[in-house]
Amino acid sequence: MNPVVEAVTARIANRSKRRRDAYLAFIDRQRDAGPRRSALSCSNLAHAFAASGEDKQTIAGAHAINIGVVTAYNDMLSAHAPYYRYPEQIKIFAREVGATAQIAGGAPAMCDGVTQGQDGMELSLFSRDTIALATAVGLSHAMFEGALLLGICDKIVPGLLIGMLRFGHLPAILVPAGPMPSGLPNREKARIRQLFAEGKIGHDKLLEAESASYHAPGTCTFYGTANSNQMMMEVMGLHVPGAAFVNPGTKLRQQLTRAAVHRITEIGSEGQDYRPLAHCIDEKAIVNAAVGLLATGGSTNHTIHLPAIARAAGLEIDWSDFEELGTVVPLLARIYPNGGGDVNDFQAAGGMAFVIRELLEAGLLHQDVLTVWKNDLGAYAKQPALDGDELVWRSGATISRDESILRTAQAPFSLDGGIRLLTGNLGRCVMKTSAVAPERWTIEAPARIFPDQDDVLRAFEAGEIDRDMVIVVRFQGPRANGMPELHKLMPPLGVLQDRGLSIGLVTDGRMSGASGKVPAAIHVWPEAHAGGPLARLRDGDVVRLSADNGVVEALVSEKDWNDREPALPPRDEQGLGRELFAMMRQHADEAEKGASAMLALAGL
Ligand SMILES: O=C(O)[C@H](O)[C@@H](O)[C@H](O)[C@H](O)COP(=O)(O)O
Ligand code: SF4
């Protein structure tokens, strides 16, 4: 085992000991004496199975596991559209092994692609905690001895896990649906976007390209937060092995779903192989998730979500842990925006089986984690396939089938992972380096301050930012406006960068997992709205952001700095339901802890 991975794991375990012990004691109490189906009254039970038809007797008899399904189905998200028929399939697969399944509840799912650049994006981060709350509402019926979680996209998997961890005495398996087939290549999409940003093509041509890229049911094929979720579920052992990137509507996909249904019936507290989620997600699984993120150039959003997931399990991970792991975890995968290929190309090149085998052999992943499958993480270094109708697992590719996408730990794309911690007089933040050319890892230029991304786009169109510059977009933190992604800035800032300008971005907001090539210091905290230093910054201040040296600073004298009055926050926006989320804004804690009012007020 790599000594740095060991040390970070031990540090997390030590830092978390009091909280983790309290969590595990809570879980034992829930298992031994918590609410359960057998403690429900006759009327509770009658209500619970009134509509269960052929399953009524089995549920009433309580001799077999009743599986609670929490589904985030909607057909707004291409990624979640395939879940439409999953409930009926899951019930059938459950009956095959004498069990039953009920839809415990639904969870909302926002498509960040639909809200990107729109006001609705201000609800995106808080939708994660809303999903956690919805998960708890569904499972609070106390009718279930195990759970299947149907969710794929950005905030949905983190939200489902956070909610499920509060029922961590139960086993749970994440059930993905897979990526859409590849359409217009992502780089061609990005090129056409930049042409539109430069006014060289019209709206019709742009819409044609976008529709050719996002064209079918299934997860979008760039390596953003949704596909980073799938990667994390594999390295945490929370999927049926290899389920992450098998396309929807295939026989293999259906057999993987069937395997998840059958498996959940085997790992409950009544079975011989009890694998409660609380024991699956320990410090080793959390470190595995961070290692997987660094090794694949995953979404920066997980520097916010993974701390929140960890907290729900009594664990504390911070950005210094990511930073230190990053010094020994090599970059093994280049998937758009970090490279040219997409997740379908990644899967064809060897996929997660290849990555996990490489990282296990390099001693960078903990193999001895309690997975939801039949043994340890070694099972996830194999790729699922069909032998006739039977699901089998074959050893993954021993060499990459495409070295432009996948490389070995001995000959990686870069020796360290793609996420850096930056600190300085502007606060603490992260920068994703895997999609940024190394010569652009340090930017030092005069700042131009904006209160939101639309003003940046207007300044770009007016030709006001056509020079070396650090764009600062502040009052974008969780307490300001829900910490939206500012991904719409990528095409114009990419145009300026391609003109040879030195361009950087500093914000207390987020970027999309699909954001790429412009150096961006993001998630800055303390945020401007909470009196953070960004509020003191002025147009023209020289700002330095450097992934090389790990700094984000304003080159302003301490006296000048301290003499300044902080800028006032823009007013709270109403509409699109944003006013309903005031409670989350008012109590959200910092990005490095997960930006969660729900967890903060729960004392987690
Ligand atoms: O974190 C993410 O991965 C993003 O939120 C992603 O889910 C979102 O959909 C992007 O906006 C897609 O990229 P485009 O907006 O470039 O299509
Ligand atoms: S990956 Fe992003 S854009 Fe695609 S369906 Fe999921 S949330 Fe929407």
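Not measured: the values here are computed from a predicted model. (Residues numbered from 1 in each chain as written. Chains lettered and ligands numbered in written order. Predicted model: local features only at pLDDT ≥ 70, side-chain atom pairs only at ≥ 80, totals over all residues. Heavy atoms only, no water.)

Asker: How would you explain the overall build of the protein chain if you had to name every residue and give the values?
Answerer: Helix and strand content of the protein chain: 23 helices and 14 strands. A compact globule built from 604 residues should have a C-alpha radius of gyration of about 25 Å, and the protein chain, at 24 Å, falls within 12% of that. Counting every position in the protein chain, which comprises 604 residues, the buried fraction comes to 61%. Expressed as a percentage of contacts within the protein chain between residues at least 6 apart in sequence, the contacts between residues at least 24 apart total 77%. Accessible area of the protein chain: about 21900 Å², with a carbon and sulfur share of 52%. Of the charged side chains in the protein chain, 59 are positive and 70 negative; the average position of the first set lies 2 Å away from that of the second. (Helix = DSSP H or I, 4+ residues; strand = E, 2+ residues; numbered from the N terminus. Rg over C-alpha atoms; globule rule 2.2 N^0.38 Å. Buried < 20%, exposed > 50% of the residue type's maximum accessible area, 1.4 Å probe, protein only. Contact = heavy atoms within 4.5 Å. Areas by Shrake-Rupley, 256 points an atom, 1.4 Å probe, with all protein chains shown as cover. Lys, Arg positive; Asp, Glu negative; His and termini not counted. Charge placed at Lys NZ, Arg CZ, Asp CG, Glu CD.)

Asker: Can you explain the domain arrangement of the protein chain? Please cite residues and give values.
Answerer: Taken domain by domain, the protein chain holds domain 1 (3-33 + 64-181 + 216-395) and domain 2 (419-570). Taking only C-alpha atoms, the centre of domain 1 and the centre of domain 2 are 32 Å apart. Listed per partner, the contact involves 30 residues of domain 1 and 30 residues of domain 2. Interface of domain 1 and domain 2: buried area, both sides summed, is about 2400 Å²; carbon and sulfur atoms make up 59% of it. (Domains from an automatic or database assignment. Buried area = accessible area lost by both parts, 1.4 Å probe.)

Asker: Explain the site of ligand 1 to me, using residue names and the numbers behind them.
Answerer: By nearness alone, 15 residues border ligand 1, and Arg193, Tyr214, Thr225, Glu485 and Gly513 come closest of all. Take Asp112: an N or O atom from its side chain is 3.3 Å from an oxygen atom of ligand 1. Within the side chain of Arg193, a nitrogen or oxygen atom sits 2.4 Å from an oxygen atom of ligand 1. (Near = heavy atom within 4 Å. Polar contact = N/O pair within 3.5 Å; in protein donor to acceptor, adjacent residues only side chain to side chain.)

Asker: Outline the side chain of Glu122, listing residues and values.
Answerer: Among the structural elements, Glu122 can be located in the loop between α5 (112-115) and α6 (124-139). On the accessibility criterion, Glu122 (15% relative accessible area) is buried. Within the structure, Glu122 has its side chain in polar contact with the side chain of Arg578 (distance 3.2 Å). Other than its neighbours up to four places away in sequence, Glu122 contacts Asn481, Gly482, Pro484, Glu573 and Arg578.

Asker: Quick one: what's the story with the UniProt feature "domain: Dihydroxy-acid/6-phosphogluconate dehydratase N-terminal" (unreviewed entry) in the protein chain, residue by residue and with numbers?
Answerer: When the UniProt feature table is mapped onto this chain numbering, "domain: Dihydroxy-acid/6-phosphogluconate dehydratase N-terminal" (unreviewed entry) sits at residues 66-378. End-to-end, the C-alpha atoms of residues 66-378 are 29 Å apart, and along that stretch the chain is 46% helix and 7% strand. (UniProt positions renumbered as here; feature names shortened; annotations may be inferred.)

Asker: Can you tell me about the environment of Asp466, naming the residues and giving the values?
Answerer: With respect to the helices and strands, Asp466 occurs in the loop between α18 (453-461) and β10 (469-473). Assessed through its relative accessible area of 41%, Asp466 is described here as partly exposed. Asp466 sits 27 residues away from Leu493 along the chain, and the two C-alpha atoms are 9.7 Å apart. Aside from chain neighbours lying at most four places away, what touches Asp466 is Leu496, Arg499 and Leu501. Within polar-contact distance, the side chain of Asp466 engages the side chain of Arg499 at 3.4 Å.

Asker: So what's going on with helix α15 (residues 319-326)? Which residues, and what values?
Answerer: Since there are 3.6 residues in each turn of an α-helix, residues three or four apart along the chain are aligned in direction. Regarding α15, the residues found buried are Trp319, Asp321, Phe322, Leu325 and Gly326. The buried side chains of α15 occupy one side of the element, clustering within an arc of 155° when seen end-on. The inward-facing, buried residues of α15 abut α1 (3-33), α13 (283-296), α14 (302-312), β7 (419-424), β8 (427-432) and β12 (520-525). Regarding α15, its N-cap is Asp318, as a side-chain oxygen of that residue lies 2.9 Å from the backbone nitrogen of Ser320 further along. (Arc of directions from axis to C-beta.)

Asker: Explain the packing of helix α8 (residues 186-197) against helix α9 (residues 203-213) to me, using residue names and the numbers behind them.
Answerer: The contact between α8 and α9 brings their axes to 10 Å, and the two run at 165°. For the element pair α8 / α9, the angle class is roughly antiparallel. Every pair of crossing elements has a handedness; the one defined by α8 and α9 is left-handed. For the pair α8 and α9, the contacting residues are Asn186, Lys189, Ile192, Arg193 and Phe196 in the first and His203, Lys205, Leu206, Ala209, Glu210 and Ser213 in the second. (Axes fitted to C-alpha atoms, helices over the stretch in contact; angles between N-to-C directions. Parallel < 35°, antiparallel > 145°, perpendicular 65-115°, else oblique. Left-handed = near helix turned anticlockwise from the far one by under 90°.)

Asker: With reference to specific residues and values, describe the UniProt feature "domain: Dihydroxy-acid/6-phosphogluconate dehydratase C-terminal" (unreviewed entry) in the protein chain.
Answerer: Under the UniProt annotation, "domain: Dihydroxy-acid/6-phosphogluconate dehydratase C-terminal" (unreviewed entry) lies at residues 405-595. For residues 405-595, the helix share is 18%, the strand share is 24%, and the end-to-end C-alpha distance is 33 Å.

Asker: I'd like a rundown of the site of ligand 2, residues and numbers included.
Answerer: Every residue near ligand 2 is listed here: Ser78, Ala79, Cys111, Asp112, Gly113, Cys153, Asp154, Cys220 and Ala226. Of the residues belonging to the shell around ligand 2, the class tally is five nonpolar, two polar and two charged. (Nonpolar A, V, L, I, M, F, W, Y, C, P; charged D, E, K, R; others polar.)

Asker: Tell me about the sheet that holds strand β1 (residues 66-71), and please be specific about residues and values.
Answerer: Judged by pairing direction, the sheet is parallel, and its four strands sit side by side in the order β2-β1-β3-β4 without closing on themselves. The open sheet has two edge strands with one neighbour each: β2 (100-106) and β4 (172-174). If you compare each strand with its neighbour and ignore which way they point, the axes differ by 25° on average. The sheet contact formed by strand β3 (residues 146-150) and β4 spans three bridges and is parallel. Bridge pairing links Ala147 to Ala172 in β4. Across the face of the sheet, helix α4 (residues 86-96) comes into contact with β1, β2 and β3 while running at roughly 150° to β2. Lying over the sheet, α6 contacts β1, β2 and β3, oriented at roughly 140° with respect to β2. (Pairing = 2+ DSSP bridges.)

Asker: So what about the nonpolar core? Which residues, and what values?
Answerer: Most often, soluble globular proteins keep nonpolar side chains buried together rather than apart. Ranked by size, the top nonpolar core spans 156 residues in total, and within it Leu148 and Leu238 carry the most contacts. With nine residues, α13 is the largest single contributor of residues to this core. Not counting the four nearest positions on each side in its chain, Leu238 is found in contact with Leu161, Ile173, Leu174, Met233, Leu277, Cys280, Ile281, Val372 and Tyr380. (Core = buried A, V, L, I, M, F, W, Y, C linked by side-chain atoms within 4.5 Å.)

Asker: Tell me about the pattern of salt bridges, and name the residues and values.
Answerer: Counted under the stated rule, the structure contains 44 salt bridges. Measuring nitrogen to oxygen at the nearest pair gives 2.7 Å for the salt bridge that ties Glu324 to Arg11. Within this pair, whereas Glu324 is found in helix α15, its partner Arg11 is found in helix α1, the two being separated by 313 residues in sequence. Residue class for Arg11 comes out partly exposed when judged on its relative accessible area of 29%. Taking the shortest distance from any N to any O, the salt bridge between Arg458 and Asp455 comes out at 2.4 Å. Here Arg458 pairs with Asp455, and both are found in helix α18, just three residues apart, close to one helical turn. Taking the relative accessible area as the measure of exposure, Asp455 reaches 21% and is therefore partly exposed. In the salt-bridge network here, residues are joined through shared partners; they are Arg11, Arg15, Asp318, Asp321 and Glu324. (Salt bridge = Lys/Arg side-chain N within 4 Å of Asp/Glu carboxyl O.)

Asker: I'd like to hear about the pairing of strand β6 (residues 390-395), residue by residue, with values.
Answerer: Where a strand is regular, its side chains alternate between the two sheet faces. Two strands pair when backbone bridges link them, and strand β5 (residues 382-387) and β6 are joined in this way by six bridges, in the antiparallel orientation. Within the sheet, the bridge partner assigned to Gln383 lies in β6 and is Arg394. Taking the residues that link successive antiparallel strands as the turn, the β5-β6 hairpin has two residues, and the phi of Gly388 there is positive, at about 70°.

Asker: Give a detailed account of helix α10 (residues 225-235), specifying residues and quantitative values.
Answerer: Burial within α10 is extensive, with 11 of its 11 residues counted as buried. Among all positions of α10, only Thr225, Ala226, Asn227, Ser228, Asn229, Gln230, Met231, Met232, Met233, Glu234 and Val235 are buried.

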